[in-house]
Amino acid sequence: MVNNSTVHRDNAIPLCSRGFYGPIHSPLILFWLFIVAANGIEIALMLWKETLRTVSNRFLVSLAISDLFFGVVAMPLFLVCNINRTILVCVVSTGFIRFTAISSVFHLLIVACDRYTMIVYPMKYQTILTRPRATFLITLTWCLAFFSSFIQLSWYKESSAFTDTREGGFLIDKIYFLFVLTVFVFLPLLLIVFTYTRILIISLRHILSVRRRRRNLHQPVSPIVHDLKGTFVLLSMMLIFVGCWLPFFLLILQDHISETFFTLNSGWSSCLILYLRFLPPLTNPLLCAFCKQDFRRAWGSFIRQQRLSVRLNIYSLVSVSGIRDKTLSTAVNDVTNAEGITNGP
């Protein structure tokens, strides 16, 4: 006989979290391939092209490493959790997903502050944001993300197999989640929104002033979208991250406080919220590679070099083949002539 509480819990579990389900989980494999390939290419471009190794791009490549880590570690653990339903694997999977999410939030905050410093203090930027300071910020970001994500494991005993359902354990978890969501998610997101708002206001003032002077001097004026392209790329990364992760964070917050932010009418809605998280690690490198000018130039240069290398290899093979055929034909003619002389009158 099946317990009614068990049935209720099973119905409360989203369809995508009840075990492996082909139509839902199979596309994740394709997502995984694209995430690994896109972020791997961005990191490879940074290592290959010396001109890309600027302080600003160091933050973007560190974000790419975080996204690559999400694809290489967090997504496979998520799939294994849904297939095997092992508690330990699911807890570690949740920890790694939370780790990459917090890491992304802090990376986006650093990128926003970097952009703000570049626009507000252009003459002092090189002295304010030096490479040692950038390395310190990146290291601090990774340490904070790791500490805040896995400290939860410290109050679980291994013998309990993460199944401690005492009221004290629930209370600690509730305080922990509320603290993490407030300090490491919502507060940085508010700072990012404030920073980009300031960036847009200052950029628009500067651009309108420059355009006004160029018009007075009867000089050509570029479209305003072109002048704000770099800011729009970083702003798009922030908006995509917020749009894909915020419903998930609100869903977690909803489970820990007595407030309802939204109601899910079906299991597919829960799956959509859960899987929107996998979109930012794919869109971040695509926005950098195809919209950011320096990465786009490096990518075009890499493609041209690869095409030239292929053409040279083909040409060398054809040339070697032609020389070999010509040498063989000459040798055959020499042998034929020698035989003719030997068999002559």
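The notes below deal with the structure included here. Because the structure is predicted, anything quoted here is derived from the model rather than measured.

1. Regarding the state of the cysteines
(1) Moving on: Summed over the entire model, instances satisfying the criterion amount to 1 disulfide.
(2) Moving on: A sulfur-sulfur distance of 1.9 Å marks the disulfide that ties C81 to C90. Between C81 and C90, the disulfide has an S-S torsion of 100° and is therefore right-handed.
(3) Moving on: C90 sits in the buried class, given a relative accessible area of 18%.

2. Section: helix α6 (residues 131-150)
(1) Moving on: End to end, α6 covers 29 Å across 20 residues, agreeing with the expected 28 Å (1.5 Å per residue, within 8%).
(2) Moving on: Among all positions in α6, only A134, I138, T141, A145, S148, S149 and F150 are buried.

3. Overview of helix α3 (residues 55-84)
(1) Moving on: Between its first and last C-alpha atoms α3 spans 43 Å; for 30 residues at 1.5 Å apiece the expected length is 44 Å, and the two agree.
(2) Moving on: The principal kink in α3, of about 35°, is found at F70.
(3) Moving on: Phi for R85, located one or two positions after α3, is positive at around 55°.

4. Some thoughts on the packing of helix α4 (residues 87-120) against α6
Pairs of packed helices are described in terms of their axes, by the angle between the two and the distance that separates them.
(1) Moving on: In the contact formed by α4 and α6, the axes pass within 8 Å of each other and the chain directions differ by 150°. In terms of crossing hand, the pair formed by α4 and α6 is right-handed. For the pair α4 and α6, contact is made by V92, G95, F96, R98, F99, I102, S103, F106, H107 and I110 and by L137, T141, W142, L144, A145, F146, S148, S149 and F150, respectively.
(2) Moving on: When grouped by side-chain class, the residues that make up the contact of α4 with α6 number 12 nonpolar, 6 polar and 1 charged.

5. With respect to the environment of P132
(1) Moving on: Position of P132 relative to the elements: it lies in helix α6.
(2) Moving on: Here P132 falls in the exposed class, since its relative accessible area comes to 62%.

6. With respect to the packing of aromatic side chains
(1) Moving on: Scanning all chains against the criterion turns up 14 aromatic pairs.
(2) Moving on: Arranged with centres 5.5 Å apart and planes meeting at 65°, the rings of F78 and F278 form a pair that is edge-to-face. Taken together, the residues F78 in helix α3 and F278 in the loop between α10 (267-275) and α11 (280-291) connect sequence positions 200 residues apart. Take F78 and F278: they sit in the same class, and that class is buried.
(3) Moving on: For the ring pair F99 and F146, a centre distance of 6.0 Å and an interplane angle of 85° mean the geometry is edge-to-face. Pair noted here: F99 is in helix α4 and F146 is in helix α6, with a separation of 47 residues, a long-range link.
(4) Moving on: Judged by relative accessible area, which is 5%, F99 ranks as buried.
(5) Moving on: A relative accessible area of 48% places F146 in the partly exposed class.

7. Quick notes on the side chain of H107
(1) Moving on: The residue H107 is located in helix α4 in this model.
(2) Moving on: For H107, the residues in contact, after removing those within four places along its chain, are F59, S62, L63, S66, T141 and W142.

Cut-offs and rules
Residues numbered from 1 in each chain as written. Predicted model: local features only at pLDDT ≥ 70, side-chain atom pairs only at ≥ 80, totals over all residues. Heavy atoms only, no water. Disulfide = S-S within 2.5 Å. Buried < 20%, exposed > 50% of the residue type's maximum accessible area, 1.4 Å probe, protein only. Helix = DSSP H or I, 4+ residues; strand = E, 2+ residues; numbered from the N terminus. Expected span 1.5 Å × (residues − 1). Bend = angle between axes of the 7 residues up to and from the residue. Axes fitted to C-alpha atoms, helices over the stretch in contact; angles between N-to-C directions. Left-handed = near helix turned anticlockwise from the far one by under 90°. Contact = heavy atoms within 4.5 Å. Nonpolar A, V, L, I, M, F, W, Y, C, P; charged D, E, K, R; others polar. Phe/Tyr/Trp six-rings, centres within 6.5 Å; stacked < 30°, edge-to-face > 60°.

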